[in-house]
Amino acid sequence: MAYKTIIEDNIDVLVAGAGLGGTGAAFEARFWGQDKKIVIAEKANIDRSGAVAQGLYAINCYMGTRFGENNPEDHVQYARIDLMGMVREDLLFDMARHVDSTVHQFEEWGLPLMKDPEKGSYMREGRWQIMIHGESYKPIVAEAAKKSADKVYNRVCITHLLTDEAKENRIAGAVGFNVRTGDYHVFKSKTVICGAGGASNIFKPNSTGEGAGRVWYAPWSSGSAYGLMINAGAKMTQMENRIVLARFKDGYGPVGAYFLHLKTYTQNGLGEEFESTWWPGLQEMVGKEYLDPELAHKTHRPIPTCLRNHAMISEVNAGRGPIHMVTMEAFQDPHLEEVGWENFLGMTVGQAVLWAATDVDPKNENPELTTSEPYVMGSHATGSGAWCSGPGDISPPEYFWGYNRMMTIEGLFGAGDAVGGTPHAFSSGSFTEGRLAAKAACRYIDDGKAEGIVVSDKRIDELKEEIYKPMEHYKIYRNEVVAGDVNPNYINPRQGLDRLQKLMDEYCGGSTVNYMTNDKLLSIGLKKLKIMEEDLEKLAAKDFHELLRAWELKHRHRTSECVTQHTMFRKETRWPGYYYRGDAMKLDDENWHVLTVSRRDPETGEYTMEKAPCYHLVGEDE
Amino acid sequence: MPTFVYMTRCDGCGHCVDICPSDIMHIDTTYRRAYNLEPNMCWECYSCVKACPQNAIDVRGYADFAPLGHSVRVDRDEDKGTIAWKVKFRNGTEKNFLSPITTKPWGTAIPKLKDLAGPTQEQRDSELLYNEPKYIRFDDGGLHTLESNGLTMKQGVYY
C-alpha cells in the first residue's frame, strides 16, 4: 500500500482524544512524570475539539468546599438520586473531592468565572453550577495540555488500541491515520489514557436533512471511547443508561441557566403546570423512595432528570402539547435577558440563530421545549462507560485493582465519557478524571508494570490493511456503476449511519417510538446489527474524509451493539423518561439494584453479561 | 446552522480547514477557496467563523427548520480578550452582546510543569494531585477521605 507509516516509539503516556478529559490527563501527567514521554493524538485540532469546542457558559460540577458550600458526599448523594441509584460512588466521591482544585486552577489560567459580589465566591447558577464566560474554555485547557505534552498529533484519528503480545490483557499503544495526509500512525506506548468521546448520532435525530447536524452532543462525538475500548476487550458498565434531553425545540439550546438562574418554568399548551399530575402514576412505577415531590420541595433532593422527562413526554402524548418554557416574565429584566442570550451564544449558537430566523424573542413569546433523541455518554446526567478501578483509599474490593481509573485492561486508563458510573462530571469533572488517570498511569509505569511490551510488525501491518480497506474497496468497485452512490458491492458511511440510526431508533427505544422497547424488539435489533457488521466490511470511502466517517461509523456501530446488549440484560424500567422496557415497566430493586457489566470477547464477538454490586456511600452509623 | 463561504471574500488561507472540529471545511480544488462539504455534520459551533481572518464565513440556519433572512455575526478579538455578537432577526430586530474570553494575556498564565521541581515521594504516595491541597478545603485540612467525613461504603439499597 502507498500509505506512509509513521511510528512513534517509546511513549510513556499516550492520550487518545484530547477533549476536557484528555487535556486534563496530558497536563497533569507532566507533573508526575517529569521525564516521561507524553504524546497526544487528536482527530481534530486540540484548540477546538471535543464537546467543549464551541465553549460553555457554565461549569456544572463545582463543590465550593473552600467557601463552605458543599462537601464531596453531598454531590455523590445528588448524582445517586438523579441516576436512580445506579452510580459508582467511589469514583464520584473521588472526583468531587478533587474537582475544586481544577476549577480554581482554571481561574488562575484566565478563564473568566463570574463572581458573587456579596460573598466573594463564584456566581452560582444552581447548587452545583457556576457561571462563566467560557467562549475560550477549550483554547485555554488546550494550552495547558500543549505545554505539558512532548508532541501533539492533530488530525490523527485513533482507530484501534494495541494490546501487548507478550502479556495477555495489557495495553501497548494505539494506531490510526492522519485525516489530511492519509499517513498511517503507530503509537507504541506503555499506557494509554482514553479521552475519546461518547456517542451522538447513533439514534435517529429529530431533525432531518441539513438539520441532522444540530444534535445535542457534538456530531463529532462518535462513540470512539466505547468503540476503541470494547474492541480491545475492556469491560463496560451501564451502557443501557442512554440519556434523553429536555431542550429548546430544534436548536437544543440548554435549559440549565433558564431553570436555575433565570427562574423560568414549564407549562403545557393550555398554560397549565403539568409535571405534578404525572407524579402519582410514576410513583407506582418507581416507588416513593425515588420520587418524593414533598421531600424534594423541602430539601435539596432533586427530582431525577429522567422522571421530569417522563412528565413532559406523557403530557405531549396526552395531546396537551406543546410544552413551553415561560421566559416572558424573566426576560423583562434586561440583565436576565442578556444572560439568557449569552448563555446560547457561549455554547449553542445555533439556538440563537434559530430564534433570530423565526423571530422568537423570549421577551415577547414563550419558546417551545422538546425531548431529544437518545445519546450514549458518561459525563452529563448519565454514566455509560468502561468499568474501571477506583482509588485505593475509598473503593471496596470489587471496585479496586491497583490503579485509579484503570480499566480491566492493564495500562489502559480513561477520563470523561470513557469512565462508566460517573455522571455529573461535566467539563470540570472530566478534566479532573484526566488528572487522576494521569497520576495513576505514571505510578503504573514507575512500578515497572509496563516492562517487556511486544508489538509485532505483523500486527502493525494487519491493522494498516484493515484501516484502509474502505478506500481499497471503493477503488475496486466504483467503476462497476456509471455514477452515483448506489452500488451492489458497498455502502458509504452516510448510508451506513442512516441504517444504524433507523434501527437503533425503532428497536432500541428511540424518539419516534416514544423511547419504548422490549426483549423481542431488542433481539431483532441485535440481529440487524450483526448483519450490518458484515456490511461494514464492505464500507467504501472515496477519500480520507470519508475514511474518517467510516471509522466513526464503526465505533458508533460497536457502541450501539453494546447498548442493545445491556438494554436487553437489565429487565426493568430503571429510568422512565430515558427509555422504557415495555415487558418490564416497573423499577425492580429486588433484582436490579446492581450495576450491569459486559465484556465482548475480541476473538469471538460474544458478549458476557454480569451484575456487579452497587455500593453506596453512607454515614458510619447508618 | 451550516456554514457557507462568500466567494469574493475567501482567499483560500485554510484557517477554517485547520480548526473545524468536524473536518467539514475543505478547499475546493477548482476555486481554491473553502467550502462546507458536509452541512449535515455541522454543529454551527462557529469555530471556523471565529477563525476566518477575512470574515468570509457565515451561517445560514438549517433549511429544514430555519426561515431565511437572519444573521448572527461574531468578532472574536484575542488582543482585547473579548467576543462581540450581533444577532439580526428576520423582522429586523437587532441585539448586541459583548463578553470577555480571558482575563490573562494568552500564553502567560499557565505553568510549564516540566520546569517545576518534581513531586516528592510523599506526594507520589498520597492521593493528592498537582497543587493540592490548595483550594479543596474550607479549613486547613487535607484531602477528604471516608474517615475524615465519617463515611463508609455499603452494599444494599440506599436512596
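Just so you know, these numbers come straight off a predicted model, no measurement behind them. (Residues numbered from 1 in each chain as written. Chains lettered and ligands numbered in written order. Predicted model: local features only at pLDDT ≥ 70, side-chain atom pairs only at ≥ 80, totals over all residues.)

Novice: Teacher, can you tell me more about the overall build of chain B here?
Specialist: If you tally the helices and strands in chain B, you get three helices and eight strands. Along chain B, helices (α) and strands (β) appear in the sequence β-α-β-β-α-β-β-β-β-α-β when read from the amino end. Over its C-alpha atoms, taken along the principal directions, chain B stretches across nearly 65 × 45 × 30 Å. Relative to its full complement of 159 residues, chain B shows a buried share of 34%. Taking all contacts inside chain B whose residues are at least 6 apart in sequence as the whole, residues at least 24 apart take part in 43%. (Helix = DSSP H or I, 4+ residues; strand = E, 2+ residues; numbered from the N terminus. Buried ≥ 20, exposed ≤ 12 C-beta atoms within 10 Å, placed from the backbone. Contact = placed C-beta atoms within 7 Å.)

Novice: What is the right way to read the overall build of chain A from this model?
Specialist: Across its full length, chain A holds 17 helices and 20 strands. Against the 2.2 N^0.38 benchmark of 25 Å for 622 residues, chain A shows a C-alpha radius of gyration of 23 Å, consistent with a compact globule. Counting only C-alpha atoms, chain A reaches 65 × 60 × 50 Å along its principal axes. Per-residue burial for chain A yields a buried fraction of 64% across its 622 residues. Across chain A, contacts joining residues at least 24 apart in sequence account for 76% of those joining residues at least 6 apart. (Rg over C-alpha atoms; globule rule 2.2 N^0.38 Å.)

Novice: Quick question: what am I supposed to make of the interface of chain A and chain B here?
Specialist: When the parts of a complex come together, some accessible area is lost, and that lost area is often used as the size of the interface. On the chain B side, the residues contacting the 88 residues of chain A number 75 residues. Looking at side-chain class alone, the side of chain A that touches chain B contains 32 nonpolar, 28 polar and 28 charged residues. Here strand E20 (residues 615-619) of chain A runs beside strand E8 (residues 151-155) of chain B; their pairing, made up of five bridges, is antiparallel. When the sheet's bridge partners are listed, Tyr615(A) is paired in E8(B) with Gln155(B). (Nonpolar A, V, L, I, M, F, W, Y, C, P; charged D, E, K, R; others polar. Pairing = 2+ DSSP bridges.)

Novice: Please explain the sheet that holds strand E6 (residues 82-88) of chain B as it appears in this structure.
Specialist: Sheet strands pair by backbone hydrogen bonding; their relative direction is either parallel or antiparallel. With antiparallel pairing, three strands are arranged side by side in an open sheet as E5-E6-E7 (chain B). Since the sheet does not close on itself, it has two edges, and those belong to strand E5 (71-77) and strand E7 (94-100) of chain B, each with one partner. Taking the axes of each pair of neighbouring strands and ignoring which way they run, one obtains an average angle of 10° across the sheet. Against the sheet, helix H10 (residues 334-347) of chain A engages E6 and E7 of chain B, with an angle of about 70° to E7(B). (Axes fitted to C-alpha atoms, helices over the stretch in contact; angles between N-to-C directions.)

Novice: Looking at this structure, I do not really get the packing of helix H14 (residues 493-507) of chain A against helix H16 (residues 544-569) of chain A. What am I missing?
Specialist: A pair of packed helices can be characterised by two numbers: the angle between their axes and the separation between those axes. Residues and elements named next belong to chain A. At a minimum axis distance of 9 Å, the contact between H14 and H16 shows a crossing angle of 20°. The orientation of H14 with respect to H16, classified from their angle, is roughly parallel. The chirality of how H14 crosses H16 is left-handed. Residues Pro493, Gly496, Leu497, Leu500 and Met504 of H14 form the contact with H16, whose own contacting residues are Glu546, Arg549, Ala550, Leu553, Arg556, His557 and Ser560. Residue composition of the contact of H14 with H16, by class: six nonpolar, three polar and three charged. (Parallel < 35°, antiparallel > 145°, perpendicular 65-115°, else oblique. Left-handed = near helix turned anticlockwise from the far one by under 90°.)

Novice: Would you explain the domain arrangement of chain A in this entry?
Specialist: Residue and element names in this part refer to chain A. Examined at the domain level, chain A breaks down into domain 1 (246-371) and domain 2 (469-592). For domain 1 and domain 2, the distance between their C-alpha centroids amounts to 31 Å. Taken together, the 13 residues of domain 1 in the interface contact 10 residues of domain 2. Mapped by element, the contributors of at least two residues to the side of domain 1 that touches domain 2 are helix H7 (275-286) and helix H9 (305-317). (Domains from an automatic or database assignment.)

Novice: Help me understand the domain arrangement of chain B, please; the structure alone is not making it clear to me.
Specialist: Domain boundaries in chain B define domain 1 (3-100) and domain 2 (111-149). Taking only C-alpha atoms into account, the centre of domain 1 of chain B sits 43 Å from that of domain 2 of chain B.

Novice: I keep staring at the sheet that holds strand E13 (residues 368-371) of chain A and nothing clicks. Help me out?
Specialist: All names here are of chain A. The strand order across the open sheet formed by four strands is E10-E13-E12-E11, and the pairing between neighbours is antiparallel. In the strand order of this sheet, the two ends are held by strand E10 (246-248) and strand E11 (265-267), each with one partner. Ignoring strand direction, the axes of neighbouring strands in this sheet form an average angle of 40°.

Novice: Can you help me understand the environment of Gln238(A) in this one?
Specialist: Residue and element names in this part refer to chain A. For Gln238, the location among the structural elements is in the loop between strand E9 (236-237) and E10. For Gln238, a count of 29 C-beta atoms within 10 Å translates into the label buried. Considered as a pair, Gln238 and Gly421 are 183 residues apart in the sequence and their alpha carbons are 6.9 Å apart. Once you skip the residues sitting within four places of it in the chain, Gln238 turns out to touch Met86, Gly383, Ser384, Gly420, Gly421, Leu595 and Thr596.

Novice: How should H14(A) be read in this particular structure?
Specialist: Residues three or four positions apart in an α-helix share a direction because the helix packs 3.6 residues into each turn. All names here are of chain A. Taking 1.5 Å per residue, 15 residues should reach 21 Å; H14 reaches 21 Å between its end C-alpha atoms and fits that length. Within H14, the full set of buried residues consists of Pro493, Gly496, Leu497, Leu500, Gln501, Leu503, Met504, Asp505 and Tyr507. For H14, the secondary structure elements touched by its buried residues are strand E16 (516-517), helix H15 (519-536) and H16. Two residues or fewer past H14, Gly509 is found with a positive phi of approximately 90°. (Expected span 1.5 Å × (residues − 1).)

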